[in-house]
Amino acid sequence: MEKHFKRTTITSALPYANGPVHIGHLAGVYVPADIYARYLRLKGRECIFIGGSDEHGVPVTIRARKEGITVQEVVDRYHNLIKDSFERFGISFDVYSRTTSPTHHKLASDFFRKLYDEGKFIEQVSEQFYDEQTGHFLTDRNIRGECPRCHAPEAYGDQCEVCGATLSPEELINPYNAETGNPLVKKPTKHWYLPLDKDQQWLEKWILEDHKEWRSNVYGQCKSWLDGGLHPRAVTRDLDWGIPVPIEGAEGKVLYVWFDAPIGYISNTKELCDANPEKFGPWEKWWKDPETRLVHFIGKDNIVFHCIVFPAMLKAHGDYILPDNVPSNEFLNLEGNKISTSKNYAVWLNEYLDELPGRQDELRYVLTANAPETKDNDFTWDDFQARCNNELVAVYGNFVNRALQLTQKYYEGQVPACGELNAYDKETLAEFCDVKARLEQLLEGFKFREAQKEAMNLARIGNKYIADCEPWKVVKTDPERVKTIIYLSLQITANLAIAFEPFLPFSSKRLREMIALDTFSWEDLGRTDILPAGKQLPKPELLFTKIEDDVVAAQKKKLEDTLKANAEAAYKAAPVKPTVSFEDFEKLDIRVGLVKSCEKVKKSKKLLKFILDDGSGKDRTILSGIAQWYEPERLVGKRVLFIANFAPRQMMGEESQGMILSAVNFNGDLSVTTTIDDVRGGSQVG
RNA sequence: CGCGGGGUAGAGCAGUUGGUAGCUCGUCAGGCUCAUAACCUGGAGGUCGCCCGUUCGAGUCGGGCUCCCGCAACCA
């Protein structure tokens with residue numbers, strides 16, 4: 001379905017203002033979006049590139065309470081930090097605003113109000129858990145209580161992490177506020193829902209039939225949601241941080257973040273256009289003109305919001321265009337582990353910029369070369385070093401240096417005149433002439449990894465050309481011929497500067513300075529007369545320098561250290577529970593059991609099946625969710641502590657007759673408790 | 001059996017409509033010496049996660065199994 005668009009609106013997922021940006025965000029969203037934006041601008045196409053911080057929602061309020069500062073201070077700090085890092089990294093947003101801006105509050109409010117007035121929402125009152133002391137309703141994840149299945153004391157409102165059961169808050173025994181520990185009561189509250197079920201039909205046609213070209217991860221995720229049938233989704237929340245619901249009687253309620261955040265793209269566009277009307281025109285043309293192409297760059301966790309919920313909102317509003325494509329990347333891992341903001345395990349952009357100054361393009365290159373376009377990929381510092389040194393330095397930088405050094409050596413830095421082309425020259429030119437077409441095809445198809453490789457291929461062609469032509473030999477016998485060789489090598493160099501501009505803007509700029517190329521455009525790509533004969537070039541310098549071992553070693557060590565330090569810091573002994581009487585304690589019959597056998601339970605990730613000698617003469621079977629931490633063989637012959645009079649229960653089709661005691665370490669690891677001395681099975685503990 | 005994506009040389013990835021399995025890095029050998037010990041050429045290295053089926057022919061199509069990641073649960 002080839003459509004012709006006049007202009008393009010590019011959005012990139014709004015980073016959440018509760019922490020700095022890390023390489024996962026960059027690889028997933030901002031680097032590809034920036035490449036695309038730079039490419040379109042270089043082509044002279046009309047486009048805007050929208051970014052901004054998402055500053056509403058629950059996590060920022062939690063962070064503020066933890067640090068003892070105001071929510072505003074939290075979002076200010078991270079908004080400024082993120083904005084500054086993006087600028088230094090060369091992410092070329094046309095606007096980077098925030099969802100706490102007055103423009104956004106008004107626009108999001110009006111958006112909601114219009115849908116409300118036109119009866120696009122469903123109103124529904126439901127019973128929610130409420131903390132009377134803090135005056136807050138709680139989300140599922142912030143409610144804890146006793147698990148109805150395994151009776152672990154700290155199950156979450158959505159899941160018990162001990163037995164793995166999927167729960168709803170209603171099932172928990174004695175629910176309490178995870179943060180404050182206060183008991184909870186049920187209280188009715190009214191909310192507004194977007195009836196997505198009514199959008200089912202057109203969404204199915206729009207995505208499944210009209211957008212088969214979307215990436216398979218995006219298309220598949222959407223199909224799965226559509227196949228499962230869409231349900232109404234709440235668009236409001238009981239919170240005091242956010243955009244107030246603009247309806248009378250809705251005090252204390254705000255717009256749900258996923259409702260307000262995508263509208264932020266529109267608000268930020270409006271801010272941009274209002275500030276530069278002569279350059280960008282009215283904001284509406286970027287969002288309401290069917291000749292505008294809307295493209296959302298996001299990570300895979302955001303697919304459903306951008307492909308189903310937000311389009312449904314836009315459609316309900318009526319005036320807006322829908323996204324034409326939603327290129328979504330998978331996730332980037334770091335040294336084999338998941339990147340995690342909460343666990344502080346990441347390479348933070350602001351720290352990278354400080355610690356490896358002037359190395360923006362190196363990171364951009366590696367993140368694109370290893371971009372998780374089709375599946376999760378791994379970032380390692382060794383790979384970073386290898387790619388920088390073996391590809392950027394050895395292939396690209398070295399070719400440029402060869403061409404420029406030879407020009408200095410033979411012609412005092414003047415571009416020589418081109419003589420007659422021989423067959424080999426023509427063959428080489430033929431190879432690099434269609435680089436432009438291939439690059440365009442790949443970039444338009446959002447295949448940035450492949451596209452960058454294609455640009456790098458230009459440098460490979462150049463290296464091969466110089467090596468095959470051997471100008472350092474030919475100069476002794478046929479100096480005229482050498483002029484042509486160097487001339488063509490310089491033209492390839494100029495082409496490199498253009499081809500790499502979207503990917504590596506910093507080094508492209510330096511390279512253009514080295515070859516005194518003031519004006520250029522994408523259309524020059526493939527030309528062999530970009531640098532005119534006789535042009536004087538300045539003294540060359542190195543385009544890239546090597547990444548030394550100690551730099552990489554320091555980064556690796558830092559990661560390991562922060563990982564350890566944060567795990568230790570996160571540890572805090574839980575407060576002691578209320579006093580119990582001796583009689584209460586006596587009710588528990590804790591005993592020693594000798595492990596006769598232990599094996600994994602089939603089809604289960606977490607469960608181990610123990611057969612214990614409990615001194616009764618009969619075997620006792622106990623299932624325990626510790627498979628993650630123990631090889632079953634290691635436990636055979638050990639003495640473990642278990643609760644003997646625990647009510648038996650069924651798990652994975654087996655009956656478990658008791659509970660094996662283990663200690664939970666600060667990092668969540670389990671350690672089965674055992675006795676030091678050889679005590680007989682069945683001995684009582686007390 | 002909740003849903004989606006993925007499993008292809010030592011590492012990272014491509015493989016378009018089924019027809020001799022490719023690329024980058026690493027590795028080994030050779031060449032070159034203008035260049036940041038860089039560059040060029042060639043070689044070795046794969047039962048395409050496992051099993052069954054369709055077909056003259058399967059990495060590719062269908063079925064079953066298995067492992068990793070994500071979503072549902074506000075980290076891209």
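Everything below is about the structure shown above.
What this report covers is the structure whose coordinates are included nearby. These figures come from a predicted structure and were not determined experimentally.

Reading guide: rules and limits
Residues numbered from 1 in each chain as written. Chains lettered and ligands numbered in written order. Predicted model: local features only at pLDDT ≥ 70, side-chain atom pairs only at ≥ 80, totals over all residues. Heavy atoms only, no water. Helix = DSSP H or I, 4+ residues; strand = E, 2+ residues; numbered from the N terminus. Buried < 20%, exposed > 50% of the residue type's maximum accessible area, 1.4 Å probe, protein only. Contact = heavy atoms within 4.5 Å. Areas by Shrake-Rupley, 256 points an atom, 1.4 Å probe, with all protein chains shown as cover. Core = buried A, V, L, I, M, F, W, Y, C linked by side-chain atoms within 4.5 Å. Near = heavy atom within 4 Å. Polar contact = N/O pair within 3.5 Å; in protein donor to acceptor, adjacent residues only side chain to side chain. Salt bridge = Lys/Arg side-chain N within 4 Å of Asp/Glu carboxyl O. Expected span 1.5 Å × (residues − 1). Bend = angle between axes of the 7 residues up to and from the residue. Pairing = 2+ DSSP bridges. Right-handed = clockwise from strand over helix to strand, strands pointing away.

Remarks on the overall build of chain A
Moving on, step 1. What chain A contains, in helices and strands, is 22 helices and 28 strands.
Moving on, step 2. Split into buried and exposed, the 686 residues of chain A put 52% on the buried side.
Moving on, step 3. Sequence separation of at least 24 residues holds for 73% of the intrachain contacts in chain A that already meet a minimum separation of 6.
Moving on, step 4. Split by element, the accessible area of chain A, about 32,000 Å² in all, is 50% carbon and sulfur.

Digging into the nonpolar core
Moving on, step 1. Residues Leu-26, Phe-86, Phe-259, Phe-379, Phe-384 and Tyr-396 are the most contacted members of the largest nonpolar core, which totals 168 residues.
Moving on, step 2. If you look at the next biggest cluster of nonpolar residues, it comprises 14 residues, including Cys-598, Leu-612, Val-640 and Phe-642.

Topic: the protein's contact with RNA strand B
Moving on, step 1. Residues in contact with RNA strand B amount to 54 residues; listed here are only the nearest, Gly-299, Asp-301, Thr-374, Asp-376 and Asn-377.
Moving on, step 2. Within 4 Å of the protein, the contacting atoms of RNA strand B are 75% sugar and phosphate, with bases supplying the remainder.
Moving on, step 3. Separating a sugar or linking oxygen of RNA strand B from a side-chain N or O atom of Asn-370 is a distance of 2.9 Å.
Moving on, step 4. Ranked by the residues each element gives to the surface near RNA strand B, the list is headed by helix 13 (residues 381-411), at twelve residues.

Structural notes on the pattern of salt bridges
Moving on, step 1. Tallied over the entire structure, the rule returns 48 salt bridges.
Moving on, step 2. When the shortest N-O distance is used, the salt bridge between Asp-238 and Lys-253 registers 2.8 Å. Here Asp-238 is found in strand 11 (residues 236-238), whereas its partner Lys-253 is found in strand 12 (residues 253-255), with 15 residues between them in sequence. This pair shows no difference in class: Asp-238 is buried, exactly as Lys-253 is.
Moving on, step 3. The closest approach of N and O atoms between Asp-319 and Lys-288, which form a salt bridge, is 3.8 Å. Here Asp-319, found in the loop between helix 10 (303-317) and strand 14 (323-325), pairs with Lys-288, found in helix 9 (residues 284-288); they are 31 residues apart in sequence, far enough to count as distant.
Moving on, step 4. Judged by relative accessible area, Lys-288 falls into the partly exposed class, the value being 28%.

Quick notes on helix 18 (residues 479-499)
Moving on, step 1. Taking 1.5 Å as the rise per residue, helix 18 with 21 residues should run 30 Å; its terminal C-alpha atoms sit 30 Å apart, in good agreement.
Moving on, step 2. Extensive coverage of helix 18 is indicated by the burial of 18 of its 21 residues.

Brief notes about the environment of Phe-86
Moving on, step 1. In this fold, Phe-86 is placed in helix 3 (residues 71-89).
Moving on, step 2. Excluding its chain neighbours within four sequence positions, the residues that come into contact with Phe-86 are Pro-15, Val-21, Leu-26, Tyr-30, Ile-91, Phe-93, Tyr-96 and Leu-349.

Side note on helix 1 (residues 23-42)
Moving on, step 1. Where helix 1 bends most, at Tyr-30, the angle is about 40°, and the proline Pro-32 comes one to four residues later.
Moving on, step 2. Within helix 1, 18 of the 20 residues are buried, leaving the element largely enclosed by the surrounding structure.
Moving on, step 3. Of the residues one or two after helix 1, Gly-44 is the one with positive phi, at around 80°.

With respect to the sheet that holds strand 9 (residues 185-194)
Moving on, step 1. Taken in spatial order, the four strands of this open sheet run 5-4-9-10, and their pairing is antiparallel. Looking at which strands have only one partner, the edges of the open sheet turn out to be strand 5 (136-137) and strand 10 (233-234).
Moving on, step 2. Pairing of strand 9 with strand 10, which is carried by two bridges, proceeds in the antiparallel orientation. Of the residues in strand 10, the one forming a bridge with Tyr-193 is Ala-234.

Some details on the pairing of strand 13 (residues 292-299)
Moving on, step 1. Buried residues dominate strand 13, accounting for eight of its eight residues.
Moving on, step 2. Neither face of strand 13 is exposed, since Thr-292, Leu-294, His-296 and Ile-298 on one face and Arg-293, Val-295, Phe-297 and Gly-299 on the opposite face are all buried.
Moving on, step 3. Here six bridges tie strand 1 (residues 7-12) to strand 13, and the two strands are oriented parallel to one another. Across the sheet, the residue bridging to Thr-8 is Arg-293, located in strand 13.
Moving on, step 4. Pairing between strand 13 and strand 14: two bridges, direction parallel. Directly across from Leu-294, in strand 14, lies its bridge partner Pro-323.
Moving on, step 5. Handedness of the β-α-β unit built from strand 13, helix 10 and strand 14 comes out right-handed.
Moving on, step 6. Alignment of strand 13 against strand 15 (residues 328-329), held across two bridges, turns out to be parallel.

Observations concerning the sheet that holds strand 18 (residues 377-379)
Moving on, step 1. Reading across from one edge, 17-16-18 is the order of the three strands in this open sheet, with mixed pairing throughout. The two strands at the open ends of the sheet, each matched to only one other strand, are strand 17 (337-338) and strand 18.
Moving on, step 2. Taken together, the three bridges between strand 16 (residues 332-334) and strand 18 define a ladder with parallel strand orientation. Bridge assignment links Leu-334 to a residue of strand 18, and that residue is Phe-379.

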